[in-house]
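As a plain string of letters, each chain reads:
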Protein chains: 2
Amino acid sequence: MSESRPRIVPEATVARLAVYLRVLAGLADGGRSSVSSGELASAAGVNPAGLRKDLSYLGPCGVRGVGYSVAGLRERLTEVLGGERSRPCVLVGIGRLGSALADYAGFASRGFEFVGLLDSDPRTVGTEVGGLPVHPAEELEAVVARTGATIGVITTPAEVAQTVCDRLVAAGVRSILNFAPVALTVPAGVDVRKVDLSVELQVLAFLDQQRDGSAPVVAALRADAREPVR
Amino acid sequence: MSESRPRIVPEATVARLAVYLRVLAGLADGGRSSVSSGELASAAGVNPAGLRKDLSYLGPCGVRGVGYSVAGLRERLTEVLGGERSRPCVLVGIGRLGSALADYAGFASRGFEFVGLLDSDPRTVGTEVGGLPVHPAEELEAVVARTGATIGVITTPAEVAQTVCDRLVAAGVRSILNFAPVALTVPAGVDVRKVDLSVELQVLAFLDQQRDGSAPVVAALRADAREPVR
DNA sequence: AACCGCTTGTGAACGCCTGAACAAAGTCGC
DNA sequence: GCGACTTTGTTCAGGCGTTCACAAGCGGTT
């Protein structure tokens, strides 16, 4: 078989590929069969050249002079991103945010299935959220073992996040999405991504203050963190 | 008066400053009066040298040989980040995610106050979420004008996000936090930050697949997007 | 009063990512 | 069948961010 090129896909590119995939889904629903890099880039909010560079990591997947096949590119992206098979996820901490995530249709439609909801509050345990029962936190290891989940989402208070993380890792979870406002420590080989909602707001407040002119400090722009100004 | 240095604070640094501020709050609660860069960096999950560089944008705020004053640094960071005065925010789209945000104690304690909740669903309008009444979407402009809100949070479905965004901007909102999975188009002078939850999960799925060894593609690491592996 | 150790602050190198310009390739029209 | 146009894929340079390493400065001690 041909030697598959040992291409390195930057993580920033992977994140954008996920965006392209969603845009493509919308185009497919609209009946489109092909797209140009310019159009796709505009819808995704990125530079056309950057988009082509991103896609080039996957090898040639467009037709010169024509553009990209919506169906073909969608299939390729799905394959690369690992979305062909449904991935079982466990969610620990069924508070308001956890409930919102458990019930978010956007996940299920993209191949993510919450197979276990866990909480330590006896009042929450036993209730149903998004059609799934909430299990007591003690069953974490059992749920992970039974479902074979490799992705864990932490929406607990900060104080217990590290403990929950350790238990998830010990149970075999290799990828963790952390909403708790703490820096988690994990062994090598485990990936953690952190989403910090209050940090996002605080950055906005900073930019707001800058504009008010009360301070002369001006923030340098980071293109990938902001919406395009077209 | 002395010429305030026209320092440019990178946006990535601003985001980390917010993290440092939270860690400092925890240290203050613990009774600590001073910290070293190494300790603070460890708690925040960053490189000590990077932390010192981040803080250096604010001018000297530590004491050599000793470390940083917890109270002093906290005050300085609060000032720089614009957290001294409470900032009014409006939240559009009171679904599960919107409700979770409206009720999130972490915001209020950091100087963010939701002064207006808006939704277009008649069944949601009139209810109370987090102690605040939900107003009909038609009142968006009126609410923004009355409250003087300059920060808007969008948790609507993707289809209406751009329309809501346009109305927010027209009403005077200058900073927007967007949870809807679309790239918003805004005029210059308006800042948008985007949080895309399913993209986060999809990146994890990609890394998961990489580890499974089914594909030889390895993602390059981006230090700022991942938790430290210590 | 001077020395020593500790910690900050900064300067420079390295690497990654982004944005633009160019060449390759395929299609449509004549 | 040939030419011209369109759009991709790639190469190159520029900017930004991170990291390492060292000098500067302060407190405590003798």
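Now for a quick tour of the structure. (Residues numbered from 1 in each chain as written. Chains lettered and ligands numbered in written order. Predicted model: local features only at pLDDT ≥ 70, side-chain atom pairs only at ≥ 80, totals over all residues. Heavy atoms only, no water.)

## Topic: the protein's contact with DNA strand C
Now for step 1: Near DNA strand C you find 24 residues, and of these Arg16 and Arg64 of chain A together with Ser37, Arg52 and Tyr68 of chain B are the closest.
Now for step 2: When atoms of DNA strand C within 4 Å of the protein are sorted by moiety, sugar and phosphate together comprise 69%.
Now for step 3: One of the backbone N or O atoms of serine 37 of chain B is found 2.5 Å from a phosphate oxygen in DNA strand C.
Now for step 4: Here a phosphate oxygen of DNA strand C and a side-chain polar atom of tyrosine 68 of chain B are 2.7 Å apart. (Near = heavy atom within 4 Å. Polar contact = N/O pair within 3.5 Å; in protein donor to acceptor, adjacent residues only side chain to side chain.)

## Comments concerning the sheet that holds strand S10 (residues 191-194) of chain A
Residues and elements named next belong to chain A.
Now for step 1: With respect to topology, seven strands assemble into an open sheet ordered S6-S7-S5-S4-S8-S9-S10, the strand pairing being mixed. Looking at which strands have only one partner, the edges of the open sheet turn out to be strand S6 (128-129) and S10.
Now for step 2: Of the strand pairs in this sheet, S6 and strand S7 (residues 132-136) are connected by two bridges, and their pairing is antiparallel. Across the sheet, residue glutamate 128 finds its bridge partner in S7, namely proline 133.
Now for step 3: Of the strands in this sheet, strand S4 (87-92), strand S8 (151-154) and strand S9 (175-178) are in contact with helix H8 (residues 158-171), which crosses S8 at around 170°. (Pairing = 2+ DSSP bridges. Helix = DSSP H or I, 4+ residues; strand = E, 2+ residues; numbered from the N terminus. Contact = heavy atoms within 4.5 Å. Axes fitted to C-alpha atoms, helices over the stretch in contact; angles between N-to-C directions.)

## Side note on the side chain of aspartate 196 of chain B
Now for step 1: Relative to the helices and strands, aspartate 196 of chain B is located in the loop between strand S10 (191-194) and helix H9 (197-212).
Now for step 2: What makes aspartate 196 of chain B buried here is its relative accessible area of 9%.
Now for step 3: Side-chain polar atoms of aspartate 196 of chain B contact the side chain of serine 198 of chain B, separated by 3.3 Å.
Now for step 4: With residues near it in sequence (within four places) discarded, aspartate 196 of chain B still touches Arg22 of chain A together with Pro181 of chain B. (Buried < 20%, exposed > 50% of the residue type's maximum accessible area, 1.4 Å probe, protein only.)

## Structural notes on the sheet that holds strand S5 (residues 112-119) of chain B
All names here are of chain B.
Now for step 1: Strand order across the open sheet formed by seven strands is S6-S7-S5-S4-S8-S9-S10, with mixed pairing between neighbours. Pairing within the sheet leaves two strands with one partner each, and these edge strands are strand S6 (128-129) and S10.
Now for step 2: As paired elements, strand S8 (residues 151-154) and strand S9 (residues 175-178) share four bridges and run parallel to each other. From the neighbouring strand, valine 153 faces S9, where its bridge partner is leucine 177.

## A word on the interface of chain A and chain B
Now for step 1: With 88 residues of chain A at the interface, the matching set in chain B holds 88 residues.
Now for step 2: With both sides pooled, the region where chain A packs onto chain B buries about 7900 Å², and carbon together with sulfur makes up 57% of that total.
Now for step 3: Between the two partners, chain A and chain B, sit ten salt bridges.
Now for step 4: When the shortest N-O distance is used, the salt bridge between arginine 193 of chain A and glutamate 200 of chain B registers 2.6 Å.
Now for step 5: At the junction of chain A and chain B, the tally comes to 26 residue pairs in polar contact (both at pLDDT 80 or more).
Now for step 6: Broken down by element, the residue count for the side of chain A that touches chain B peaks at 15 residues, all from helix H9 (residues 197-212) of chain A.
Now for step 7: Partitioned by chemical class, the residues of the side of chain A that touches chain B number 51 nonpolar, 13 polar and 24 charged. (Buried area = accessible area lost by both parts, 1.4 Å probe. Salt bridge = Lys/Arg side-chain N within 4 Å of Asp/Glu carboxyl O. Nonpolar A, V, L, I, M, F, W, Y, C, P; charged D, E, K, R; others polar.)

## Here's the deal with the relation of the copies chain A and chain B
Now for step 1: Turning chain A through 180° and shifting it by 0.0 Å along the axis lays it on chain B, with an RMSD of 0.1 Å. Given the turn and translation reported, the copies of this chain are related as if by a two-fold rotation axis.
Now for step 2: Mapped onto chain B, 100% of the interface residues of chain A are again interface residues, and the two copies thus contact each other with one and the same surface. (Least-squares fit on C-alpha atoms with pLDDT ≥ 70 in both.)

## What to know about the pairing of S5 of chain B
Residues and elements named next belong to chain B.
Now for step 1: With six of eight residues buried, S5 is to be regarded as a mostly interior element.
Now for step 2: Bridge analysis of strand S4 (residues 87-92) against S5 gives six bridges, and the strand direction is parallel. Its bridge partner being in S5, arginine 87 is matched across the sheet by phenylalanine 112.

## So, the packing of aromatic side chains
Now for step 1: In the structure shown here, the tally under the stated rule is four aromatic pairs over all chains.
Now for step 2: Ring centres of phenylalanine 107 of chain B and phenylalanine 114 of chain B lie 5.9 Å apart, and the angle between their planes is 70°; this geometry places the pair in the edge-to-face category. Phenylalanine 114 of chain B shares its class with phenylalanine 107 of chain B; the two are buried.
Now for step 3: An aromatic cluster of at least three residues, connected via ring pairs, comprises Tyr104, Phe107 and Phe114 of chain A. (Phe/Tyr/Trp six-rings, centres within 6.5 Å; stacked < 30°, edge-to-face > 60°.)

## Digging into the protein's contact with DNA strand D
Now for step 1: Around DNA strand D sit 27 residues in total, of which Ser37, Gly62 and Tyr68 of chain A together with Arg16 and Arg64 of chain B are the nearest.
Now for step 2: The protein-proximal atoms of DNA strand D, defined as those within 4 Å of the protein, are 64% sugar or phosphate.
Now for step 3: Glycine 65 of chain A is positioned with one of its backbone polar atoms (N or O) 3.2 Å from a base oxygen of DNA strand D.
Now for step 4: Here a phosphate oxygen of DNA strand D and a side-chain polar atom of asparagine 47 of chain B are 3.2 Å apart.
Now for step 5: Among the elements of the structure, helix H3 (48-56) of chain A together with helix H3 (48-56) of chain B are those that each provide at least two residues to the surface near DNA strand D.
Now for step 6: When grouped by side-chain class, the residues that make up the surface near DNA strand D number ten nonpolar, nine polar and eight charged.

## Description of the side chain of glutamate 200 of chain B
Now for step 1: Along the chain, the position of glutamate 200 of chain B falls in helix H9.
Now for step 2: With a relative accessible area of 16%, glutamate 200 of chain B lands in the buried category.
Now for step 3: Setting aside residues no more than four positions away along its own chain, glutamate 200 of chain B makes contact with Leu177, Arg193 and Val195 of chain A.

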